[in-house]
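# Structural description and commentary
Okay, here's what each chain looks like letter by letter:
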Amino acid sequence: MSTHFDMPGNLKALVDQLLATIKQSLGDKVALLEKDSNIGEALPKVLLASQFVSDSCLRYPELLAELIVSGDLGSPQRREDYPGALRQDPPHSETELMRQLRLFRRREMLRIAWRDLAGWSDLDETLADLSLLADACISHALDFLYQQACEKKGTPITSKGLGFNLVVIGMGKLGAYELNFSSDIDLIFAFAEDGVLQDKAGTTYGEFFGRLCRSLLRVLSEITVDGFVFRTDIRLRPFGDSGPMIMSFDGMESYYQTQAREWERYAMVKARQVAGDFASGEPLMALLGHFVYRRYLDYCAFEELRLLKLQINQELKRKDRVDNIKLGSGGIREIEFIGQVFQLIRGGKDKQLQIRPIQKVLTILAAEKLLPPDDAKQLYESYRFLRKLENHIQQYQDKQTHLLPTNTLEQQILAYSMSFEDWDSFKISLEQIRSQVHKLFEQVFSVSKHDDVDVNAQIIWYAKAEPYELGDVLKDYGFTEPGTILDSLRAFKNCSAVRRLTAKGAGVLDRLMPQLIMSLSTIDKPDDTLKRMLGLFEAILGRNVYLALLEENPHALQQLLRLVSASRWICEHIAHTPALFDELLDTRTLYEPLSSHELDKELEALLLQIDRKDEEQLMFALRQFKQRNMLKVAAADIMSVIPVMVVSDYLSYIAECLIRQVLLQAWQLLTEKHGYPEGKNDENIGFAIIGFGKLGGLELGYGSDLDLVFLYDSADGLAMTNGVRPIACSQFYGRLAQKIQHIFETNMLSGRLYEVDLRLRPNGESGQLISHINWYEDYLRKQAWTWEHQALVRARFITGDSQLAKHFQAIRQRILCLSRDTGQLKADVRNMREKMRATLINKNKAKFDLKQGKGGIADIEFIVQFGILDQAAKNIALTDYTDNVRLLAGLHKHGFMDAGTAEVLTLAYCTYRDFSHKLALDGEANLADNTAFENLREQVVTAWHFYME
């Protein structure tokens, strides 16, 4: 689209006439037009594109001259001066007030139209100017009328003895700072509390404020010789036209909690207090915010929003909607509807969506990938085009219309004002924009999405046939045990959770279940999957929102079925934490576990919303974070998006991220209470957390606990912390360790964060919870058992003081590199392995214990640990890694193990772990059939005999 075209000849002739008339009306002030070249260049286009501007210049020639002389015509910040400009000339009567506001409105609207049509302002400036003009006029009028009313009747007083005014709430585009040029303004009025004035008539506050509202509406909207200020609509108030003009806060609260309809939430998304008593209005706006935004993902809103969409679609069939750029197909309303659907559903959980301007909403939807970025960008740009067009249509005659002109001359003028060469090129571009918008509007959700549900699936759910006939239908859907399935469905329909459903909840379930039955025909193990789903539904039926999510999102239902079919663990995981349903919506993120850096960023952002002193909320947020991210790993694992090594990496990253934040939160809580240990600060904390076992080796599984050791470094003796409640530094670090353990292991409704095993600390369960770093090495050299040195092979610094990290790494290296007698070492390692096998192995001889069985995981680990302890003194590089795969590679590289053996042990180790992950996801014990992996097991046993006997 070009930004400049020469004015067509017929329009130029019209402009010449307008210019001559305007210049004549300006008289000796005409020189002002020639003094500034920008004004002179803009004047023809502005006069042509707006009869409102040309009529205003003819009727009030001094307005244009005054705008030029004052500099306001060229100022992009004039809106900041609105309130002060109105106060400069205080009115003495209501009549004077009405004239003042109308003349002020005309002056500013002339300025706004000029700047917009001349291209001096962008859309954001124009909308802000219009919205704040309305704010200023409402406030100025209310302040005057309130003062008059108080002088006549007395001042309403709160129960605390303070005078108060009413609260004016702006709705729609006014509330969002998006007012268009000739828009009416939607207002709702409220007042803080009931009472009675001390006048002779005993006027109630309701009567006082009701009269004040009527006066305000008259001042703003009554048409006089000077026009009007703003057309005012109050039909969005509680009970609509049949309701009182104004209500108390108590009345408002009662209405919105008990009687408000779903569409009123949609209307309230943009609500903003625009005038009146802002101090008393704050709690009211908070109340309305709770009405609009649920604390959870609110997919129940879809049903009501669908009804709104159906109404919109019905309206589109009307002939007068074809050329309506607001209400027609692909119009402004459809873009706003798309944004507000996401706000209503997700805004309670994602507080950044609790905003009013649609352009900002679209930007967030793109950034959060709730809409494809290209789609969000297209909606954003379309919105700006349509809003500019809307203003140009209305600026022509200052009429509240959204219809494209039918008159040929007006069409030509509008196309020129929008920088198009002619009407045809303008219409082609407009129709392309509207077509794209409407396509996206339809994609948000489909009105007819239930039409494709198979009637047979409905027959099964409602049991509208004989059992044998239902059984045949179930077989057609792929079920192998139809009798058992019918029994399960019957038991589910009769369970107490289903019987307790509300009518609305039962309706959602009745629409969902046939979809579920039909979808199972494409899923492996439909019988088992359906039984798992019935158990899952029974656990969450008290929360209609989750059923609504699945009923409204067939794609999400399909994702859930695939995961539940593959994993009992995921099914139980979601049943325990239904909030995880949200993760099913977007497969772009569902199958993309976060990197360590991304996890840190996400958790930091999550915890910023939590009051650190509220430990319960903190622990809940940490658990929710873990569950959400473990679901992503499990989903990617089940769908074979990531290999076993990466599964363990991601599970380890999640644990490390949580350990880092738990330490940080515990540290901050304790330092706020007791101050810092001597010589320490937030960078140099003198504390470290060491991970052993699977955590240390980056080999965590889905149900792994955390093997941890806490080390500290502080001044000896009687050194104290420096806070208002000082304690001994050693006591401080002991409490820090206890706080960390408490945060991890407290059993909440959402479970434990992790089981923490601290038995690898010096002296095991009988030892201190924390160990001083200077003593730790001495213990390892003089008192530790061989198995404790074995454990050190997979020990790794996780988080804490960077100096302590270096100190620990040096200690680990020195201990692992100690010179050892190979025979004695081999005997110690072998004896420990036999003790473990005798104590821990599963006794079922028909099963192979993947960890403790002969040729299993533990045998491989013990071979590796023996090799490292035996060879590290000769090859220090063997201490670089803590995971078994790279340790095996190192043992081969440095000559301890031949390539074939290293390859076999690595293959066996990864194969066992992969199978273990799958067993865990299906809720099974870590056992395989005794005939499984025979070849690999034999090769591991051979290696054991070679290296360990």
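Residues numbered from 1 in each chain as written. Predicted model: local features only at pLDDT ≥ 70, side-chain atom pairs only at ≥ 80, totals over all residues. Heavy atoms only, no water.

## Some details on the packing of helix H27 (residues 554-566) against helix H28 (residues 568-576)
Where H27 contacts H28, the axes come no closer than 5 Å and their chain directions differ by 120 degrees. Judged by the angle between their axes, H27 and H28 are oblique. Seen from H27, the contacting residues are Leu 560, Leu 563, Val 564 and Ala 566; seen from H28, they are Arg 568, Ile 570, Cys 571 and Ile 574. Residues that form the contact of H27 with H28 fall into these classes: seven nonpolar, no polar and one charged. (Axes fitted to C-alpha atoms, helices over the stretch in contact; angles between N-to-C directions. Helix = DSSP H or I, 4+ residues; strand = E, 2+ residues; numbered from the N terminus. Parallel < 35°, antiparallel > 145°, perpendicular 65-115°, else oblique. Contact = heavy atoms within 4.5 Å. Nonpolar A, V, L, I, M, F, W, Y, C, P; charged D, E, K, R; others polar.)

## Some thoughts on the pattern of salt bridges
Close approach of charged atoms allows side chains of opposite charge to pair. Overall, the coordinates contain 43 salt bridges when judged by the stated rule. Notably, a salt bridge pairs Asp 922 with Arg 532, separated by 3.1 Å at the nearest N-O pair. With Asp 922 in the loop between helix H41 (899-921) and strand S12 (927-929) and Arg 532 in helix H25 (residues 526-540), this pair connects stretches of sequence that are 390 residues apart. The burial state of Asp 922 is the same as that of Arg 532; both residues are buried. (Salt bridge = Lys/Arg side-chain N within 4 Å of Asp/Glu carboxyl O. Buried < 20%, exposed > 50% of the residue type's maximum accessible area, 1.4 Å probe, protein only.)

## Quick notes on the packing of aromatic side chains
Centre-to-centre distance and the angle between the planes together describe a pair of aromatic rings. Inspection of the entire model under this criterion finds 34 aromatic pairs. Centre to centre, the rings of Phe 732 and Tyr 733 are 5.4 Å apart; their planes meet at 85 degrees, and the pair counts as edge-to-face. An aromatic cluster of three or more residues is present, and its members are Trp 667, Tyr 676, Phe 687, Phe 710, Tyr 712, Phe 732 and Tyr 733. Above the face of the Tyr 754 ring, Lys 626 is positioned so that its terminal group lies 3.9 Å from the ring centre. Residue placement shows Arg 833 over the ring face of Phe 862; its charged tip is 5.7 Å from the ring centre. (Phe/Tyr/Trp six-rings, centres within 6.5 Å; stacked < 30°, edge-to-face > 60°. Lys NZ or Arg CZ within 6 Å of the ring centre and 35° of its normal.)

## Quick look at the side chain of Asp 849
Relative to the helices and strands, Asp 849 is located in strand S11 (residues 847-849). A polar contact is formed between the side chain of Asp 849 and the backbone nitrogen of Lys 851, at a distance of 3.0 Å. Here Asp 849 is in contact with Leu 840, Ile 841, Asn 842, Asn 926 and Leu 927, once residues within four sequence places are set aside. (Polar contact = N/O pair within 3.5 Å; in protein donor to acceptor, adjacent residues only side chain to side chain.)

## Points about the nonpolar core
General note: in soluble globular proteins, nonpolar side chains tend to be found buried as a group. With 139 residues, the main nonpolar core has Ile 138, Val 168, Ile 169, Phe 189, Phe 209, Leu 389 and Phe 426 as its most contacted residues. Here this core gets 13 residues from one element, more than from any other, and that element is helix H8 (residues 123-153). Apart from residues no more than four positions distant in its own chain, Phe 189 is found in contact with Leu 166, Val 167, Val 168, Cys 213, Leu 216, Leu 217, Ile 234, Met 245, Ile 246 and Met 247. If you look at the next biggest cluster of nonpolar residues, it comprises 110 residues, including Leu 470, Phe 479, Leu 516 and Met 619. (Core = buried A, V, L, I, M, F, W, Y, C linked by side-chain atoms within 4.5 Å.)

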